Amino acid sequence: MNLLVTGGAGFIGSHFVLRHVQNNPDDQVIVLDLLTYAGDRSYLESVEEQMQFIHGDIADQILVTKIVEDRGIDVIVDFAAETHVDNSISDAAPFLHTNVIGVQSLIEVCKAHPEVLLLHVSTDEVYGGLQDGEQSSTPQSPLNPGNPYSASKAAGDLLIKAAINTYGIRARITRCTNNYGPHQAEEKFLPTIIRTALNDEKIPVYGEGKQKRDWLYVTDHTDAVEAVLEKGKDGEIYLISADSERENIETAKLMLEVLGKSQDLISFVKDRLGHDWRYALDSSSIKALGWEPKVSFEDGIKKTVEWYQGKYTS
Ligand SMILES: NC(=O)c1ccc[n+]([C@@H]2O[C@H](COP(=O)([O-])OP(=O)(O)OC[C@H]3O[C@@H](n4cnc5c(N)ncnc54)[C@H](O)[C@@H]3O)[C@@H](O)[C@H]2O)c1
């Protein structure tokens with residue numbers, strides 16, 4: 001199989017590429033990544049010989065078309081995105097460029113090449129925040145994004161749904177809960193906790209830390225994407241969750257424990273504007289493909305902390 005992996009130098013995309021290349025040595029893997037602040041080519045160093053890296057923008061339709069035609073691409077696995085909510089609150093423009101215009105560019109390429117499958121990686125955040133006790137979101141639940149990031153992701157998802165209906169493009173969408181693990185950009189919650197705690201600085205927790213997030217170790221997410229690639233159906237949406245919901249304060253405390261640091265480092269800061277309370281997904285669609293998460297939260301946190309300790313202390 002010939003795969004174009006967009007955003008393959010980012011957090012989740014890099015893990016996908018590393019595992020895919022290792023498990024499928026006969027596949028041709030091309031990575032297309034704009035190398036924004038969130039991308040780091042060194043994550044792919046160990047497989048440089050087994051894939052090809054192209055520096056570029058998914059919104060560049062001419063470039064994507066050329067890659068698809070020259071390389072006989074069968075599947076585009078789309079991880080390319082702007083992903084940090086706080087950045088979207090300060091400036092939504094890059095989010096609209098990549099998460100909306102970029103997605104439409106991939107759709108245009110798929111329209112012209114109807115044999116190509118587009119596997120688009122999306123997020124639980126498109127459903128907006130849920131209250132405690134509210135039912136988990138299903139693939140059919142209405143989208144109700146609560147910030148510019150999730151609105152741009154919802155727009156991308158809807159454009160794909162519309163293109164399936166209008167042009168009959170081949171596409172599958174995955175929506176996953178919060179990921180954690182090595183390679184995540186420094187600004188995100190867990191890397192921020194580790195970095196600041198290692199420096200014995202106060203770790204910032206929004207509001208009272210009562211918001212809940214459902215955590216999935218990054219390679220469990222990429223395994224789920226592989227399952228959708230292998231066994232999923234065109235036109236379907238798959239929801240990926242380990243049902244591992246925790247209050248942010250609980251997560252911060254566990255990280256400090258693993259780091260051997262005092263709980264006194266926790267400091268509550270002014271809440272994020274429009275901060276979603278919790279997300280919850282009904283994961284029966286992905287479990288029906290035989291996927292189960294393999295990494296417990298405790299083990300995943302240990303692996304994550306070890307990786308960042310290496311990064312920040314080397
Ligand atoms: N991180 C999470 O917790 C999480 C959870 C659920 C879903 N997702 C989704 O998974 C996908 C990947 O998320 P991530 O956390 O790995 O993101 P990330 O921010 O770590 O990486 C994004 C990658 O995309 C690249 N990129 C950005 N704009 C591009 C463009 N125009 N053209 C080509 N490349 C571009 C960046 O250089 C980077 O390598 C996103 O669609 C995100 O919405 C993430």
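What counts as what
Residues numbered from 1 in each chain as written. Predicted model: local features only at pLDDT ≥ 70, side-chain atom pairs only at ≥ 80, totals over all residues. Helix = DSSP H or I, 4+ residues; strand = E, 2+ residues; numbered from the N terminus. Buried ≥ 20, exposed ≤ 12 C-beta atoms within 10 Å, placed from the backbone. Contact = placed C-beta atoms within 7 Å. Pairing = 2+ DSSP bridges. Axes fitted to C-alpha atoms, helices over the stretch in contact; angles between N-to-C directions. Near = placed C-beta within 6 Å. Nonpolar A, V, L, I, M, F, W, Y, C, P; charged D, E, K, R; others polar. Left-handed = near helix turned anticlockwise from the far one by under 90°.

Participant: Describe the overall build of the chain, naming the residues involved and giving the relevant values.
Facilitator: Counting its regular elements, the chain contains 10 helices and 12 strands. Its C-alpha atoms give the chain principal-axis dimensions of roughly 55 × 45 × 40 Å. With 314 residues in all, the chain has 46% of them scored as buried. By sequence separation, contacts in the chain at least 24 residues apart represent 82% of the contacts at least 6 residues apart.

Participant: I'd like to hear about unusual backbone geometry, residue by residue, with values.
Facilitator: Phi angles above zero are rare outside glycine, and Leu35 is one such case at about 50°. Take Leu35: it is sitting in the loop between strand E2 (28-33) and strand E3 (52-55). Phi is positive for Asp200, close to 55°, though the residue is something other than glycine. Relative to the assigned elements, Asp200 resides in the loop between helix H6 (189-198) and strand E8 (203-206).

Participant: I'd like a description of the sheet that holds strand E7 (residues 178-180), backed by residues and values.
Facilitator: As summarised here, the arrangement of the three strands in space is E7-E9-E11, forming an open sheet in which the pairing is mixed. On the outer flanks of this sheet lie E7 and strand E11 (245-247), each paired with one strand and no other. Each adjacent strand pair in this sheet contributes to an overall mean axis angle of 50°, direction not counted. Here three bridges tie strand E9 (residues 212-217) to E11, and the two strands are oriented antiparallel to one another. Along E11, the bridge assignment pairs Arg213 with Arg246.

Participant: Run through the pairing of E8, naming residues and quoting values.
Facilitator: A regular strand places its side chains on the two faces of the sheet in alternate fashion. Burial along E8 is one-sided: Ile203 and Val205 are buried, and none of Pro204 and Tyr206, which face the opposite way, are. Strand direction decides the pairing type here: E8 and strand E12 (residues 266-269), joined by four bridges, are parallel. Bridge pairing in E12 places Ile203 opposite Ile266.

Participant: I'd like a rundown of the sheet that holds strand E1 (residues 2-6), residues and numbers included.
Facilitator: To summarise the sheet geometry, strands pair through backbone hydrogen bonds and adopt either a parallel or an antiparallel arrangement. Ordered by their spatial adjacency, seven strands build an open sheet running E3-E2-E1-E4-E5-E6-E10, and the pairing between neighbours is parallel. The open sheet has two edge strands with one neighbour each: E3 and strand E10 (237-240). The mean angle between the axes of side-by-side strands here comes to 20°, regardless of whether they run parallel or antiparallel. Across the face of the sheet, helix H7 (residues 218-231) comes into contact with strand E4 (75-78), strand E5 (117-123), strand E6 (170-176) and E10 while running at roughly 155° to E6.

Participant: Can you break down the site of the ligand residue by residue, with the values?
Facilitator: Near the ligand lie 31 residues; those nearest to it are Gly7, Gly10, Phe11, Ala38 and Gly39. Of all the secondary-structure elements, those providing two or more residues to the shell around the ligand are helix H1 (11-23), E2, helix H4 (93-112), E5 and E7. Top contributing element to the shell around the ligand by residue count: H1, with three residues. Grouping the amino acids of the shell around the ligand by side-chain chemistry returns 15 nonpolar, 12 polar and four charged.

Participant: I'd like a description of the packing of H1 against H7, backed by residues and values.
Facilitator: The geometry of H1 relative to H7 is characterised by a closest axis approach of 9 Å and an angle of 65° between their N-to-C directions. The element H1 and its partner H7 pack so that their crossing is right-handed. Note on element contacts: H7 touches H1 through Val218, Thr219, His221, Thr222 and Val225, opposite Phe11, Ile12, His15, Phe16 and Arg19. Partitioning the contact of H1 with H7 into residue classes produces five nonpolar, four polar and one charged.

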